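Residue-level structure breakdown
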Amino acid sequence: MKLFGDYQRNLSFQQPVIEMGIEKYWSISVDRVLVALNASVDGLQASDALERLTRYGYNTIRAKQHNSVWRMMLNQVKSPLVLILIFAAIISGIVGEWVDALIVLVVVTGSTLLGFSQEYTASVAIDKLRKQVTIKSNVLRDGESQVIPSENVVPGDVVLLAAGSLIPADGIILEANDFFVNQAVLTGETFPVEKKPGIVSEKASLSERTNCVFMGTNVRSGIARILIIQTGKETIFGQVAERLVSTPPETEFEHGLHEFGTLLTQIMMVMVISILAINFFMNKPFFDSLLFALALAVGISPELLPAITSITLSHGAKKMNEHGVIVRRLNAIEDFGNMDILCTDKTGTLTEGVVHLDNAFDIHGNSSKEVLRYAMINAHFQTGLDNPLDDAIQLAAQNAGIDIHGEKKIGEIPYDFIRKSLSIIAENDQNQRYLITKGAMDRILPVCESIWSDFDAVPLDSAIRDSIEKKFGDWSEEGYRVLGLAIKKVDKQSESHTYKEEQAMTFIGFLLFLDPPKNGVEQTIEELRKRNVQIKIITGDNAKVARHVAANLQIPVQNVITGNDLNGLNDQVLWHMAENTTIFAEMDPNQKERIIHALRKTGHVVGYMGDGINDAPALRSADVGISVDTAVDVAKDAADFVLLRKDLSILQNGIDEGRKTYANTLKYILTTISANFGNMISMAGISIYLPFLPLLASQILLNNFLSDFPGLTIASDNVDFEMIEKPNRWNTKFIRNYMVLFGMTSSIFDFLTFGILLFIFHARPEEFRTGWFIESLLTELVIALVVRTGRPFFRSRPGNFLLASSLFFIGLTLVIPYIPFLKIFRFVPLPLPLLMALIGLTIVYVFATESAKRLFYTKIAKR
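It should be emphasised that the depicted structure is a prediction, and the values quoted were computed from it without experimental measurement.

Enumeration according to the criterion identifies 29 salt bridges in this entry. The shortest N-O distance in the salt bridge between Arg620 and Asp637 comes to 3.4 Å. Of this pair, Arg620 sits in helix α23 (residues 616-621) while Asp637 is found in helix α24 (residues 633-638), placing the two residues 17 residues apart along the sequence. You can call Asp637 partly exposed: its relative accessible area is 30%. Measuring nitrogen to oxygen at the nearest pair gives 3.8 Å for the salt bridge that ties Arg764 to Glu766. Since its relative accessible area comes to 45%, Arg764 is described here as partly exposed. Residue classification places Glu766 among the partly exposed positions, given a relative accessible area of 32%. If you follow the salt bridges from partner to partner, you end up with Glu527, Lys530, Arg531 and Asp656 in one network.

Written as structure tokens, this is what we have:
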């Protein structure tokens, strides 16, 4: 990662290290750093921490800029067409057409404020939701361990770290035990790096500072106590955050919207240039023609699409929040809805997640308090990652009346996901020191050379090994998660202990854990199946346990792949097999990530649900990363969505809301490309024939402004079940065909309107414009109620806000010519027969569009 080559050696630090003279703190003794920071290895006092927070600020960086009020306002008018329209209106006012210019500016301002107010409201709502999920740190304050928001960490704080922790700021190591950190985000190093106390050269590069940890990195394994030196923007991560924080990849829906916008922009440019050229040769007033052409371009453009997208996403996020889903990446909502494969561990999602120790057995399969006692010592003294297995052991031991007060902890070899085991070095009241190792059976048994039988060590021969493995297999098939327990005496002279000591051990027994299937999960799985979402189990447990859970929940198992099987598959073979596999068992973190890549490679939208440090790579690789509020920091940070409880039914609701969000955004697009698109194209065409402009620029903009109001309520519209029962992917061909068919239908009725106005009622220019304004606005308002559903429109009830706003503006449209203050738009009252003819034509248009819709969904859309 060359980005940090020489840069690592020349970082200039600002306060507090400069003011304290410890710029090269990695090359200075801990005692000197503590004195300089006026800190202690026991942490800060709360009052001191508050003063430092006020002095140095919150521990945050501005890697991603949040939209300010002014930025949102500017986003509403940054369209070149809108800016040209404003400029043309100003020029028009300068040459004397000040009334028309003022009207244009007022309507454009109204549209801008309308879009801004909705987008700002949506932005505020999303910020509130995101604040519900905060990353926290375990610090020493007032001599006690406290969990605080990471943004409140200050220089001088002492932070306690364990596997899965996100490192909140830059600091130095005070104590460490088998402490490995993943710092690839800064240095590009492929493997985790061991960190330990000490002093390194002041010229040491970032990767050579083995006594330091840095913001933005995470703990892979082990435990440590660190002293915070730099926070916020003064950290290395903060100084280069703009280069480190990459833009999330564009979703399929976002890509489709960009293609759609490009297509409309091309149409608009051709239309503007053509209309200006034709009107120039027909000797029509230049400024009127320019304003007319630009107003048409604005009318055809979905200028509220960014606001509509923000509103629908915000509405979807709020709805998800009501169901217990916190959205961390807003644009992933559509991917959530489009998800067709959900990969999950079984614990807590398919099972209750409340693990209890069913029994502790000796080598012969007999219940053993002695085995439980050793397990209790291991679970009680471990200080790494909190986990339900150790909680279950301690609860069972307490219920059994086991007392370990005579035991003393000497050391610890923390759990990691390669060894899949955890060891405690303890000393009893007879001053005997021993190593107790607990872990997965396939890792414990190979490091044992004897068994514990009747308090004697007996050599572990092949017959005994077969007996142990048979017991393990039988219990696994019954759904038990089985861990092995081994011990050995250790030398009292040894001061440090590593995983290399986990050899030549004595196997003493089994720990059987039970996590029953969750009530109601079968129904949820069936609901997901109805929505075309496959469930795939990816677990670190053995295949027999996973099969048992799947059978109990009636999940059809097509195929099972274990971690060893996966290692023998190349990528191409895995792509084919992954689609047809239900259970992936005994998987490590890198294998989980590889499975996600394989499923995505075959065209699926893949969701992954996980809450452990071993899930982080897969969470980042999935289209939809899902974690839970109780997950380790690194998992929550990698997730797009955080569940307030680990429950598949919440996911089902989230998928429904994601699909509703997609559907409602699509409704606005379909409305725009049907009546709106057809009306503007028809108006451009008739302007060539007429000796006058069919609508004034101010009238076009008013038409566009009034039709936008119901569009803003689409976010809360009801969605038919057919639109959420399966994933809906962006389909450019579908959009194009829809535009052609419904645009043509709209244009046919537009020209019928022109014919009625010109040849039946012989309308004067003012009457023509008024009649055409009413007809075009009516069709735009009613079309939204028709195209919002694939069903007959009268069999699908619109949302209350959409229906009420549509009816209100339909009524307003009919009375606009009779409102005195709107005469500034040059409307005139229409004869009653003409008004009734326009209403009748609109009704016929509704049923014609309904027929076209039936044709489209039964014939054209299926091609």
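There is more to say, and it comes next.
Note that Ser806 resides in helix α29 (residues 800-815). Judged by relative accessible area, which is 0%, Ser806 ranks as buried. Setting aside residues up to four positions removed in sequence, Ser806 forms contacts with Pro710, Leu781 and Leu785.

On to the pairing of strand β9 (residues 341-344), then. Of the two faces of β9, the one carrying Ile341 and Cys343 and the one carrying Leu342 and Thr344 are both buried. Relative to strand β18 (residues 534-538), β9 runs parallel, the two sharing 4 bridges. Within the sheet, the bridge partner assigned to Leu342 lies in β18 and is Ile535. Note: β9 against strand β21 (residues 606-609), 4 bridges, orientation parallel. Bridging across to β21, Cys343 finds its partner in Tyr608.

Now for helix α17 (residues 462-477). A turn of α-helix holds 3.6 residues, and therefore any two residues three or four places apart point the same way. Helix length check: α17, at 16 residues, gives a terminal C-alpha distance of 22 Å against a target of 22 Å (1.5 Å per residue), a fit within 8%. Taken together, the buried positions of α17 are occupied by Ile464, Ile468, Phe472, Gly473, Trp475 and Ser476. Once α17 ends, the next one or two residues include Gly479, with phi positive near 95°.

Contact geometry for helix α27 (residues 732-760) and helix α30 (residues 832-860): axes closest at 10 Å, N-to-C directions at 160°. With respect to each other, α27 and α30 are oriented roughly antiparallel. Note that α27 runs across α30; the crossing there is right-handed. When α27 is examined against α30, the residues Phe734, Asn737, Tyr738, Leu741, Phe742, Thr745, Ser746, Phe749, Leu752, Thr753, Ile756 and Leu757 are found in contact with a partner set consisting of Leu834, Leu838, Leu841, Val844, Tyr845, Ala848, Thr849, Ala852, Lys853, Phe856, Tyr857 and Ile860. Residues that form the contact of α27 with α30 fall into these classes: 18 nonpolar, 5 polar and 1 charged.

The next point concerns the packing of aromatic side chains. Counted according to the given criterion, the structure contains 26 aromatic pairs. With 5.8 Å between their ring centres and 75° between their planes, Tyr374 and Trp452 make a pair best called edge-to-face. With a gap of 78 residues between them, Tyr374 in helix α14 (residues 369-381) and Trp452 in strand β14 (residues 448-453) connect regions that are remote in the sequence. Across the pair, exposure class does not vary: Tyr374 and Trp452 are buried alike. Here the aromatic residues Phe692, Phe751, Phe754, Phe768 and Trp772 are joined through ring pairs into a cluster of three or more. Note that Arg209 overlies the ring of Trp26, its terminal NZ or CZ placed 3.6 Å from the centroid.

Definitions and cut-offs
Residues numbered from 1 in each chain as written. Predicted model: local features only at pLDDT ≥ 70, side-chain atom pairs only at ≥ 80, totals over all residues. Heavy atoms only, no water. Salt bridge = Lys/Arg side-chain N within 4 Å of Asp/Glu carboxyl O. Helix = DSSP H or I, 4+ residues; strand = E, 2+ residues; numbered from the N terminus. Buried < 20%, exposed > 50% of the residue type's maximum accessible area, 1.4 Å probe, protein only. Contact = heavy atoms within 4.5 Å. Pairing = 2+ DSSP bridges. Expected span 1.5 Å × (residues − 1). Axes fitted to C-alpha atoms, helices over the stretch in contact; angles between N-to-C directions. Parallel < 35°, antiparallel > 145°, perpendicular 65-115°, else oblique. Left-handed = near helix turned anticlockwise from the far one by under 90°. Nonpolar A, V, L, I, M, F, W, Y, C, P; charged D, E, K, R; others polar. Phe/Tyr/Trp six-rings, centres within 6.5 Å; stacked < 30°, edge-to-face > 60°. Lys NZ or Arg CZ within 6 Å of the ring centre and 35° of its normal.

Fair warning: the whole summary comes from geometry, so function is off the table for now.
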